[in-house]
Structures are given as C-alpha cells and as structure tokens.
Amino acid sequence: MLRLDGHSRLSTGTLYTALDRLLQQGLVRIDSEEVVSGRLRRTFALTDQGQDALAQEATRLRAAATEAERRLGAFRPRPQGATS
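As the structure is a prediction and not an experimental result, all values here were calculated from the model.

A. Fine view of the overall build of the chain. Scanning the chain for helices and strands turns up two helices and four strands. The helix and strand sequence of the chain, counted from the amino end, reads β-β-α-β-β-α. A fraction of 9% describes how many contacts in the chain between residues 6 or more apart in sequence connect residues 24 or more apart.

Put into structure tokens, the structure is as follows:
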C-alpha cells in the first residue's frame, strides 16, 4: 500500500481481494452492476452486519486513540509553576 498526501492507494488486486472477503463475510453486498466501456462495474454497499462491524471498529479505534493521547500526556512537559 502506497501512501500519498495522507491517503492510501490500493492496488486493484488488493482492493478486489478485500471486497471478495467482505462479500464472503456478509459485511458488504453488491448494490448494482453495469457494463461501462465493455467492463463490468459494481457498486458495493454495507449490509446491516457490515454497519454494525464498522461501528464496533470505530469505537475500538476511538478508545485506542484516547489511550494513546492519555499516554502521550504523561510525556508532555508541564508548564513552569504547574502543580500535579
């Protein structure tokens, strides 16, 4: 995975492998299909199970970020004259 300007770029193979896995796990579904310039284009959507999994992952990441910020606070120098 290549990171440019804070954004991730996935290779086509990596993306479709991930989408296939998410389909098999029931986390996404094919929302629509159409042929554009002779190539099949699919639009994917989260399933209810996928929305639940995403919400749980967001909660987990939020908790991890909060803990990281707490730990970083222990290393920040205190302003002069500060107590506690």
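B. Structural context of the layout of surface pockets. Reported here for the largest pocket is a volume of approximately 220 Å³. Every residue lining the largest pocket is listed: Tyr16, Leu19, Asp20, Leu23, Arg39, Leu40, Arg41, Arg42 and Phe44. Secondary-structure elements contributing two or more residues to the lining of the largest pocket are helix H1 (12-24) and strand E4 (39-46). Per-element accounting of the lining of the largest pocket gives the leading share, five residues, to E4. A per-class count over the lining of the largest pocket returns five nonpolar, no polar and four charged.

C. Inspection of a nonpolar patch on the surface at higher detail. Together, Leu10, Leu15 and Tyr16 line one region of the surface with nonpolar side chains, adding up to about 280 Å² of accessible area. Here Tyr16 lies in helix H1. Since its relative accessible area comes to 44%, Tyr16 is described here as partly exposed.

D. Representation of the environment of Leu19 within the structure. Checked against the element boundaries, Leu19 lands in helix H1. A C-alpha to C-alpha distance of 8.5 Å links Leu19 and Phe44, two positions 25 residues apart in sequence. Setting aside residues up to four positions removed in sequence, Leu19 forms contacts with Val28 and Phe44.

E. Geometry of the confidence of the model for the chain. Taken as a whole, the chain shows an average pLDDT of 88; of its residues, 87% reach a score of 70 or greater. Least confident of the elements in the chain is strand E1 (residues 2-4), whose mean pLDDT is 55; most confident is strand E3 (residues 28-36), at 97.

F. Just the pattern of salt bridges, in detail. Summed over all chains, the structure comprises five salt bridges. Arg29 is the partner of Asp31 in a salt bridge, and the nearest nitrogen-oxygen pair spans 2.9 Å. What makes Arg29 partly exposed here is its relative accessible area of 39%. As a salt-bridge pair, Arg70 and Glu67 come within 2.6 Å of each other at their nearest N and O atoms. In this pair, Arg70 and Glu67 both sit in helix H2 (residues 48-73), three residues apart, roughly one turn of the helix.

The rules we used
- Residues numbered from 1 in each chain as written.
- Predicted model: local features only at pLDDT ≥ 70, side-chain atom pairs only at ≥ 80, totals over all residues.
- Heavy atoms only, no water.
- Helix = DSSP H or I, 4+ residues; strand = E, 2+ residues; numbered from the N terminus.
- Contact = heavy atoms within 4.5 Å.
- 1 Å grid on protein atoms, 1.4 Å probe; cavity = no way out; pocket = protein on both sides within 12 Å on 5 of 7 lines; lining within 4 Å.
- Points joined across faces, edges and corners; volume = space filled by probe spheres on them.
- Nonpolar A, V, L, I, M, F, W, Y, C, P; charged D, E, K, R; others polar.
- Patch = residues over 30% accessible without salt bridge, like charges linked within 9 Å, V, L, I, M, F, W, Y side chains within 5 Å.
- Areas by Shrake-Rupley, 256 points an atom, 1.4 Å probe, with all protein chains shown as cover.
- Salt bridge = Lys/Arg side-chain N within 4 Å of Asp/Glu carboxyl O.
- Buried < 20%, exposed > 50% of the residue type's maximum accessible area, 1.4 Å probe, protein only.
- pLDDT = per-residue confidence, 0-100.

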